[in-house]
Amino acid sequence: MIALALRDFDAENALKAGQTDEAEAAPDVPVFTFTEEELGKMLAEARAQGVEQGHADGLAQGLRDAQADHQVQATAALNTMREQLSIFVAQDAQRRAELESDLVDMVLDICERIMPEFLAAYSIDQVQARLRETLHIGAGQSTLNLQLSPKTEEALRAEITAQAEAEGNTDLHLTADPALKDGEARMTWDNGFMNYSLDRVCEEILTTLRTASEQLKHHTQKV
């Protein structure tokens, strides 16, 4: 048998300090006795509780460590994705800028090659179409003065004269001006005037394309 006694250390200390009398300070203290088997069982239960609590604490700590590690990995993965996305966006912007530059250069090259052919083939037709509009606008004016290139004047004299008469413009002065190109025309009337140059229109288109090409090349170098 193993005997265990319960002691009131506060009462004993008070007795030593003279705060209570001996009768009050030394009450009957029960004595508990245990067999070795009972004590072993109690120790085993205590040990089992300690192991279980240790497992629970270890599991909780492991979960916290795993969560912290997961958070670190997730943050690292997110930062990597951001870096890759930034690279992709920069590369995409570069590709788009290069594509735009290539398209403008292609259109410019086509226009530079076909403009002379276009002017040679359609300048008289374009002047004719513009003169139809202008003669209608100047209808009823007392005097119309029209200057064309010699080739255009020869090709369009009959039709222009007929339209002017149909519009009521009987006082038409049509002359050939060697200083004018086939795609140019000048006309004045009492309250207005018209200067048309297909060459100038084509050159403005080419200038716009050349300017856009230079700007896109500069932008592509900066991207």
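Residues numbered from 1 in each chain as written. Predicted model: local features only at pLDDT ≥ 70, side-chain atom pairs only at ≥ 80, totals over all residues. Heavy atoms only, no water.

Participant: Would you mind going over the overall build of the protein with me for this structure?
Facilitator: In terms of regular secondary structure, the protein is built from five helices and six strands. When the elements of the protein are put in sequence order from the N terminus, they spell out β-α-α-β-α-β-α-β-β-β-α. Burial statistics for the protein: of 223 residues in total, 22% are counted as buried. Partitioning the intrachain contacts of the protein with sequence separation of at least 6 by distance along the chain shows that 78% fall at a separation of at least 24. For the protein, the computed accessible surface area is about 15,700 Å², with 56% contributed by carbon and sulfur atoms. (Helix = DSSP H or I, 4+ residues; strand = E, 2+ residues; numbered from the N terminus. Buried < 20%, exposed > 50% of the residue type's maximum accessible area, 1.4 Å probe, protein only. Contact = heavy atoms within 4.5 Å. Areas by Shrake-Rupley, 256 points an atom, 1.4 Å probe, with all protein chains shown as cover.)

Participant: Before we go on, may I ask you to explain helix H3 (residues 36-137) in this structure?
Facilitator: Along an α-helix, a turn takes 3.6 residues, which lines up residues three or four apart on a common side. Between its first and last C-alpha, H3 extends only 128 Å over 102 residues, short of the 152 Å set by a 1.5 Å rise per residue. When the local axis directions of H3 are compared, the greatest deviation, roughly 60 degrees, occurs at Tyr122. (Expected span 1.5 Å × (residues − 1). Bend = angle between axes of the 7 residues up to and from the residue.)

Participant: Would you explain the sheet that holds strand E6 (residues 192-197) in this entry?
Facilitator: In a beta sheet, neighbouring strands are held together by backbone hydrogen bonds and run either parallel or antiparallel to one another. The strand order E4-E3-E5-E6 describes an open sheet built from four strands, whose pairing is mixed. Among the strands making up the open sheet, the edge pair consists of strand E4 (172-176) and E6. Geometrically, the sheet is characterised by an average inter-axis angle of 10 degrees between neighbouring strands, direction not taken into account. Where strand E5 (residues 184-189) meets E6, six bridges bridge the pair, whose relative direction is antiparallel. Opposite Met187, over in E6, you have Met194 as the bridge partner. (Pairing = 2+ DSSP bridges. Axes fitted to C-alpha atoms, helices over the stretch in contact; angles between N-to-C directions.)

Participant: Looking at this structure, how should I read a nonpolar patch on the surface?
Facilitator: Nonpolar side chains collect at one region of the surface, where Leu99, Leu103, Met106, Val107, Ile110 and Ile114 lie side by side and expose about 500 Å² of accessible area between them. Checked against the element boundaries, Val107 lands in helix H3. The exposure class assigned to Val107 is partly exposed, which follows from its relative accessible area of 35%. (Patch = residues over 30% accessible without salt bridge, like charges linked within 9 Å, V, L, I, M, F, W, Y side chains within 5 Å. Salt bridge = Lys/Arg side-chain N within 4 Å of Asp/Glu carboxyl O.)

Participant: Sorry if this is basic, but what is going on with the side chain of Glu153 here?
Facilitator: By secondary structure assignment, the location of Glu153 is in helix H4 (residues 150-166). Residue classification places Glu153 among the buried residues on the basis of a relative accessible area of 10%. There is a polar contact of 2.4 Å between the side chain of Glu153 and the side chain of Arg157. (Polar contact = N/O pair within 3.5 Å; in protein donor to acceptor, adjacent residues only side chain to side chain.)

Participant: Just checking my understanding: could you explain the side chain of Gln163 for this structure?
Facilitator: Following the sequence through the fold, Gln163 ends up in helix H4. One polar contact links the side chain of Gln163 to the main-chain carbonyl oxygen of Arg132, over a distance of 3.0 Å. Among all residues touching Gln163, those that are not within four sequence positions of it are Leu131, Arg132, Leu135 and His136.

Participant: Any chance you could explain the confidence of the model for the protein here in plain terms?
Facilitator: Fine structural detail should not be taken from predicted coordinates in areas where pLDDT scores are low. Mean pLDDT over the protein works out to 79, with 82% of the residues at or above the 70 mark. Looking at the elements of the protein, mean pLDDT is at its lowest for helix H2 (residues 22-25), recorded as 50, and at its highest for E4, recorded as 90. (pLDDT = per-residue confidence, 0-100.)

Participant: Just checking my understanding: could you explain the packing of aromatic side chains for this structure?
Facilitator: Any aromatic ring pair is given by two values, namely how distant the centres are and how the planes are angled relative to each other. For the coordinates displayed, the defined rule picks out one aromatic pair. Summarising the aromatic geometry, the rings of Phe118 and Tyr122 are spaced 5.3 Å apart at their centres and angled 35 degrees between planes, so their arrangement reads as tilted. Here Tyr122 and Phe118 lie together in helix H3, a separation of four residues that amounts to about one turn. With a relative accessible area of 29%, Phe118 lands in the partly exposed category. Tyr122 sits in the partly exposed class, given a relative accessible area of 43%. (Phe/Tyr/Trp six-rings, centres within 6.5 Å; stacked < 30°, edge-to-face > 60°.)

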